[in-house]
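One letter stands for each residue in the lines below.
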Amino acid sequence: MTTEGVEAPAPAPAAGPAPAPARRSAARAVVGRLSWGLADQAASSMTNFAVGIYVARELGVSAFGVFSLAWLTYGVVLNVARGLATDPLVVRFSGVPDAPWRAAAARATGAALAVGATLGGVCLLVGLGLGGRVGPAFACLGVALPALLLQDAWRFAFFAAGSGKKAFSNDLVQGVVLVPAMVLAARVGTVAAFLLAWGASAAVAAGYGCLQSGLRPRVARARGWLREQRDLGSRYLVENVSLSGAGQLRAYGLGAIAGVGAVGAVRGAELLLGPFLALLMGLSLVTVAEAARVLRRSPNRLGRFCLLLGGGQAAAALLWGAALLLMPDRAGELVLGDVWHSASQLIVPATLGVAGAGLGSGAAAGLRALAAARRSLRCQLFASACYLGGGLGGAAAAGTVGSAWGVAAATACGSALWWLQLRTALRERHHEPIPEVRTP
């Protein structure tokens, strides 16, 4: 888009309506890629869900709060790596020929590995300096980060290539390896042990990703990748970190206001919404790539595609939340143990917050497909500020439950802005000439 200062994907040449068999074939291809995205995220989320459940059941609310702080820190670092390395890969190298994809994937995974090693070292030093209950957890997270980020980068690279089956296989390998690792961690009985088990399983899966792709991460060329993609990467970095950073600050603030047990309660509510969050995140792996394909082939259908995507996710979140409200206490205690009683009070506001996020994600996919990095950054900064303000303001007014309701209201406001910005971007694109796409 000329108004954003970055190149948008060039539309396909104008042509008549595609024959019905061709449309059906294209629809089946889209459904197939989305299905692999869901299957992959289901495998990935089950891995993360298993770690969370083990900690919640085996170690109690306080230890679960410590684990949640480490988990949220991982989320911040993950979003740094995605913004700099894999988000530009998905936007610019989805559906391209094999040769440019292989070159880009090697450099992008190298960049992700470099980010993991750098920020993992920082976490290790911070953990060693903190001591107490939190310090060992952060130190072990630092050791695990390079493998965790590389494994995630392979997933995005495979989806950019339209090879969701490989991403699913990679996550399946991690899940299988995690089982014996978790058994050993349970014998030790510490948060640090579970984090190391999680990281070890990711290391095996990251190595398997190299075998699947026939590529090695080019760490030596990471700086070149970051330089070439800085027009998108710098904005996606700020955008991603503002979201995860707001979550991290909310967790720290909530812990200071209401205690570390409140952080565990919020994380418990997120675990209850885990299957739907798996759906949301699974679709996010492929929606930007699919939106970019829609933009190239049928630009006038992008808005409709995003609306169906966001509306479907919001409806699914509401249905899942309704099912959680009907869950008997005995079933909840079986899943979360002592965390259930505090987490169950947050089901309604947490569900509304996730529904709002699902609705907004449809518009977010459209803005990224348009390479409208300035607009998406503007939306994310606004949404993150609302999230942090609502979460901490609600906590100060009404504790953990107030924080959850504040986040739900903030998410609704952020979703509205996402859709307003997408509507404006689509109108501008319709009326302005599109520059030629950059040759990879």
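Preceding this paragraph is the structure being described.
Residues numbered from 1 in each chain as written. Predicted model: local features only at pLDDT ≥ 70, side-chain atom pairs only at ≥ 80, totals over all residues. Heavy atoms only, no water.

S.K.: Which residues make up the overall build of the protein chain, and what are the values?
M.R.: The helix and strand tally for the protein chain stands at 14 helices and zero strands. In sequence order, the protein chain lays out its α and β elements as α-α-α-α-α-α-α-α-α-α-α-α-α-α. For the protein chain, with 440 residues in total, the buried portion stands at 52%. Across the protein chain, the fraction of contacts at a sequence separation of at least 24, relative to all contacts at a separation of at least 6, is 84%. Accessible surface for the protein chain amounts to roughly 18,100 Å². Of this, 66% is attributable to carbon and sulfur atoms. (Helix = DSSP H or I, 4+ residues; strand = E, 2+ residues; numbered from the N terminus. Buried < 20%, exposed > 50% of the residue type's maximum accessible area, 1.4 Å probe, protein only. Contact = heavy atoms within 4.5 Å. Areas by Shrake-Rupley, 256 points an atom, 1.4 Å probe, with all protein chains shown as cover.)

S.K.: Describe in detail a nonpolar patch on the surface, supporting the description with residues and values.
M.R.: On the surface, Leu318, Leu325, Val348, Leu352, Val401 and Trp405 cluster together to form a nonpolar patch covering roughly 500 Å² of accessible area. The residue Leu325 is located in helix H10 (residues 302–325) in this model. For Leu325, a relative accessible area of 53% puts it in the exposed group. (Patch = residues over 30% accessible without salt bridge, like charges linked within 9 Å, V, L, I, M, F, W, Y side chains within 5 Å. Salt bridge = Lys/Arg side-chain N within 4 Å of Asp/Glu carboxyl O.)

S.K.: Let's hear about the packing of H10 against helix H13 (residues 347–369): which residues, and what values?
M.R.: Interhelical geometry of H10 versus H13 gives an angle of 165 degrees and a closest axis separation of 7 Å. Here H10 lies roughly antiparallel to H13, going by the angle between them. Where H10 crosses over H13, the handedness of that crossing is right-handed. Among the residues making up the contact of H10 with H13, the classes are represented as 16 nonpolar, nine polar and no charged. (Axes fitted to C-alpha atoms, helices over the stretch in contact; angles between N-to-C directions. Parallel < 35°, antiparallel > 145°, perpendicular 65-115°, else oblique. Left-handed = near helix turned anticlockwise from the far one by under 90°. Nonpolar A, V, L, I, M, F, W, Y, C, P; charged D, E, K, R; others polar.)

S.K.: Account for the nonpolar core, with residues named and values stated.
M.R.: Core analysis: the biggest nonpolar cluster contains 51 residues, and Phe67, Tyr74, Leu195 and Leu336 have the highest contact counts within it. Here this core gets 16 residues from one element, more than from any other, and that element is helix H1 (residues 20–93). Among all residues touching Phe67, those that are not within four sequence positions of it are Val51, Gly52, Val55, Val191 and Leu195. By size, the runner-up hydrophobic cluster in this structure holds 29 residues, among which are Ala153, Trp154, Leu232 and Ala289. (Core = buried A, V, L, I, M, F, W, Y, C linked by side-chain atoms within 4.5 Å.)

S.K.: Explain the pattern of salt bridges to me, and be specific about the residues and the numbers.
M.R.: Across all of its chains, the model carries seven salt bridges by this definition. As a salt-bridge pair, Asp152 and Arg82 come within 2.7 Å of each other at their nearest N and O atoms. Here Asp152 is found in helix H3 (residues 134–160), whereas its partner Arg82 is found in helix H1, with 70 residues between them in sequence. Classification of Asp152 as buried rests on a relative accessible area of 5%. Ionic pairing is found between Asp171 and Arg155, a salt bridge with its closest N-O pair at 2.9 Å. Here Asp171 is found in helix H4 (residues 164–188), whereas its partner Arg155 is found in helix H3, with 16 residues between them in sequence. Classification of Asp171 by relative accessible area gives buried; the value is 1%. Judged by relative accessible area, Arg155 falls into the buried class, the value being 3%. Salt bridges here are not isolated pairs; linked through shared partners, they connect Arg82, Asp152, Arg155 and Asp171.

S.K.: I'd like a rundown of helix H2 (residues 98–130), residues and numbers included.
M.R.: Between its first and last C-alpha atoms H2 spans 47 Å; for 33 residues at 1.5 Å apiece the expected length is 48 Å, and the two agree. At the exit of H2 stands Gly131, carrying a positive phi of roughly 70 degrees. (Expected span 1.5 Å × (residues − 1).)

S.K.: Summarise the packing of aromatic side chains; cite the residues concerned and give the values.
M.R.: What the rule picks out here adds up to six aromatic pairs. Between Tyr74 and Trp198 the ring centres are 4.8 Å apart and the planes differ by 75 degrees, which places this aromatic pair in the edge-to-face class. Of this pair, Tyr74 sits in helix H1 while Trp198 sits in helix H5 (residues 191–213), placing them 124 residues apart in sequence. Summarising the burial analysis for this pair, Tyr74 and Trp198 share the class buried. Each residue in the set Phe67, Trp71, Tyr74 and Trp198 is aromatic and connected to the rest through ring pairs, giving one cluster. Against the face of Tyr236 rests Arg368, its NZ or CZ located 4.0 Å from the ring centre. (Phe/Tyr/Trp six-rings, centres within 6.5 Å; stacked < 30°, edge-to-face > 60°. Lys NZ or Arg CZ within 6 Å of the ring centre and 35° of its normal.)

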